[in-house]
Structures are given as structure tokens and as C-alpha cells.
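Listed below, chain by chain, are the residues.
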Amino acid sequence: MRAVNEEVRTGPVCSYTEWDPLEEVVVGIVDEACFPPWHVALPPVLPENMHETFRTQAGKPFPKERIEAARRELDEFAHILEAEGVTVRRPEPIPQDTTYSTLHWSSTGMYAAMPRDALLVVGDEIIECPMAWRSRYYESLAYRPLLKEYFRGGAKWSAGPKPELTDEQFDQDWIDTGHEDGSARLVVTEFEPTFDAADFTRCGRDIIAQKSNVTNQFGIDWLQRHLGDDYRIHVFEFQDTHPMHIDATLVPMAPGKLLINPERVPKVPSLFKGWDVMEAPKPVIPDSHPLYMTSKWINMNILMLDENRVVVERQDEPMIQAMKDFGFTPILCNFRNFNSFGGSFHCATLDVRRRGSLQSYF
């Protein structure tokens, strides 16, 4: 076990797990949120009933009333975190409806609502992720003032290789059939490394990962080599026919305590042998509530403030009770309108600093 010196622990960026006591966090914003341009990368992860909406609304703003409702919930969330003693930072709005171009394609943006996707904190380092969606190519610019501040305060700041995102990066013949062995057919190829930070979950020296429709093996290999021998990345495959982000599938909540999606994790990986495992209760989000980019299992997307306190959606009574039964103290926050945009408390945050050191938990 490597000791971490006091300078690292007290720096502006330091986080090794999903459960050490939270001291500082970035909470996303929904300002100017727009539907992304239609692209082959979208059908593999969008709910089927949303395909036509995304086709017809491509490049247009999300409904104003939805944005306003989600903004109010984000502000409530930020105030709750501050009341719990957490320093809250916010990104800067950037134009999302402005067309930008590379040598090969043009696009508009989407939002800066989910810092968990764009940035990965491992120890005292913050990494800009080479994301696979063209509409998210410049998303990290919303966080650039914070990144510069953290770097000047002593943090390490790096970035994955900026991908070209040419047509070679995507399976242009993708259809929703899966492979003969039952595994999902992924739309990203191995042309270049791509990954979203939300396809990784941190347990000290051990980082759990999955390949998905935005994260390829090339990206996982790049991250492992970049982090070096202090960390071990374990890649698992789940029964998820449309994988994108691991934090509604398998959620380590504290040392020895694991929350799983009962539909996607029929067998707990042997790495977690000896851990207490709880199956997430069935989601209660009504069918009438719009979920543009996620399934109802977004109810699993909780945020740990430490090994005891957990932020849970206020209307999700089964999850609130499950957390109590599992030995945790739920902190309630309205977030269902934010859920519409494809995430919940974990997605909407980047835990910049947690009070802890690098340890092994397996």
C-alpha cells in the first residue's frame, strides 16, 4: 500500500474512491442544452421511443420548461451539498447551438450537465476524456477555468488523445442484433482510443471498467498505461444490450458494500467476493415522465458523501428504504426533471476532492 503524502491530500484535486468523505465537487449545468445532431452513435444508446424525437429535433434546444425544471433541481442539489459541508463549483456556460468543424465533420454541442462523463479524477490528477460523441467534442471547455485553477493550485492536468471521430471510429452498419455469444454489438470501433469517465468506477488501487458504446478497449488500454502500476483496471461485461456508463449497473458504495442492477448483473464479479451485495429496487419513475437518454435504472445513480451518507432522489421511496436497510443515511433531493437529460446525482457531479489515501480494498 503506497502512502500518500500530506501535500497530495491537501491539494485542490485528490480522490481515490467513490466513498471517501467528499470535500469539493463540480455540479453540472443545463444552460443552453440542445439535442445533438443525429449520428450513428446515438441509436445504440437512446431509448427506442426517443429516436424520432432526436431525429426531428437535432440541433435544437431541449424544451425550455424542461431546462428550467432541471436547473432548479441542480440548484437545490448544490444547496444541499453545501449544507452538508461540501464546497460546490460550477462550470461556465458555453454556446451549445454554435456549429463547429474539424477537418472531417461539423456538429453543434449538447450541454455541460454531466461532468462525470467528460472528466476523470484519479488521485491528484484530473483527466479530460476523449469522448466518442461529436456533439461533446468541446464540452470540456466549460470546465476549463476550473481546470486551470486546479492546475495552478498543484493538481496534475492531462488529456486523452483528442480523437478525430471520423467515420472509421463508428460501425456504420450497426444494427441492434448483438453478437452470437449474446454480447452487445458496440458502435465504437478500435480505430482510436475513446472513453467516457462514467464507464469507470474507482475503488482505490482497483478501477472497475466496462467497454461500451462510447468506451473501447483502445481507450481502456491508454488509461491503464497512463495511470501506471499504482492502479489496476478490471474490465467486466454485463448483461446490458446497450451499454453506456457503468454507474447505473454496478456501484461500490463503501468498503465491502456493493449496489447492483439485478437485470444487468446476474452474477457478481469474483473480485467482489466477500462483499455485501444489494440488488437495486425496481425503478418507480412513471412511464409518462420523459427520459431522453437513459433507462429508468438511472435511480441507481446515487452519490456517496462518505461511507454513510448517500444522496437519493426524493420521490424514489423504494430506493430510500433500501438504502436505510443497507445501513446508509439517505439525503433526499428532487432530481426527476434532471433525470430526463440522461443522468442523476453521480452523473451530475465530479468529486474533485475526497479526504482519503490510496488503498487496496480487495
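Going by the structure above, here's the rest.
The rules behind the values
Residues numbered from 1 in each chain as written. Predicted model: local features only at pLDDT ≥ 70, side-chain atom pairs only at ≥ 80, totals over all residues. Heavy atoms only, no water. Helix = DSSP H or I, 4+ residues; strand = E, 2+ residues; numbered from the N terminus. Buried < 20%, exposed > 50% of the residue type's maximum accessible area, 1.4 Å probe, protein only. Contact = heavy atoms within 4.5 Å. 1 Å grid on protein atoms, 1.4 Å probe; cavity = no way out; pocket = protein on both sides within 12 Å on 5 of 7 lines; lining within 4 Å. Points joined across faces, edges and corners; volume = space filled by probe spheres on them. Nonpolar A, V, L, I, M, F, W, Y, C, P; charged D, E, K, R; others polar. Core = buried A, V, L, I, M, F, W, Y, C linked by side-chain atoms within 4.5 Å. Pairing = 2+ DSSP bridges. Axes fitted to C-alpha atoms, helices over the stretch in contact; angles between N-to-C directions.

Draft legend 1. Molecular detail of the environment of His289. Mapped onto the fold, His289 is located in the loop between β13 (276-279) and β14 (303-304). Classification of His289 as buried rests on a relative accessible area of 13%. The spatial distance from the C-alpha of His289 to the C-alpha of Thr177 is 28 Å, given a sequence separation of 112 residues. If we skip the residues at most four places from it in the chain, His289 touches Arg66, Arg336, Asn337 and Ser340.

Draft legend 2. View of the side chain of His245. Assignment of secondary structure puts His245 in the loop between β10 (232-235) and β11 (250-254). Look past the residues within four positions of His245 in its chain and what remains in contact with it is Asp117, Asp196, Ala198, Asp199, Gln210, Ser212 and Val214.

Draft legend 3. Structural view of the layout of surface pockets. One number sums up the size of the largest pocket: a volume of about 600 Å³. Grouping the constituent residues of the lining of the largest pocket by class yields 15 nonpolar, nine polar and eight charged. Considered as a void within the structure, the second largest pocket measures approximately 340 Å³ in volume. Along the wall of the second largest pocket there are 15 residues; nearest its centre are Leu291, Thr294, Ser295, Lys296 and Trp297. Grouping the constituent residues of the lining of the second largest pocket by class yields six nonpolar, four polar and five charged.

Draft legend 4. Region of the structure containing the nonpolar core. Counting residues in each nonpolar core, the largest one holds 50 residues, and the members touching the most others are Phe77, Leu81, Met293 and Phe338. With seven residues, helix α3 (residues 64-83) is the largest single contributor of residues to this core. In this view, Phe338 contacts Val30, Ala70, Glu73, Leu74, Ala113, Met114, Gly343, Ser344 and Ala348; residues no more than four positions away in its chain are not counted. Of all hydrophobic cores here, the second largest spans 35 residues; its members include Ala142, Leu146, Ile207 and Tyr231.

Draft legend 5. Structural context of the sheet that holds strand β5 (residues 119-122). Strand order in the open sheet formed by three strands is β5-β6-β7, with mixed pairing between adjacent strands. On the outer flanks of this sheet lie β5 and β7 (156-159), each paired with one strand and no other. Geometrically, the sheet is characterised by an average inter-axis angle of 20° between neighbouring strands, direction not taken into account. Each of β5, β6 (125-128) and β7 is contacted by helix α5 (residues 144-152), which is oriented at about 135° to β7, the strand it contacts most. Along the sheet, helix α6 (residues 217-227) makes contact with β5, β6 and β7, crossing β6 at roughly 155°.

Draft legend 6. Just the pairing of β5, in detail. On β5, burial covers both faces: Leu119 and Val121 on one face and Leu120 and Val122 on the other are all buried. Bridge count for β5 against β6 is four bridges, and the pairing is antiparallel. Note on β6: the bridge partner recorded for Leu120 is Ile127. Counting the residues in the hairpin turn of β5 and β6 gives two residues, including Gly123, whose phi is positive at 65°.

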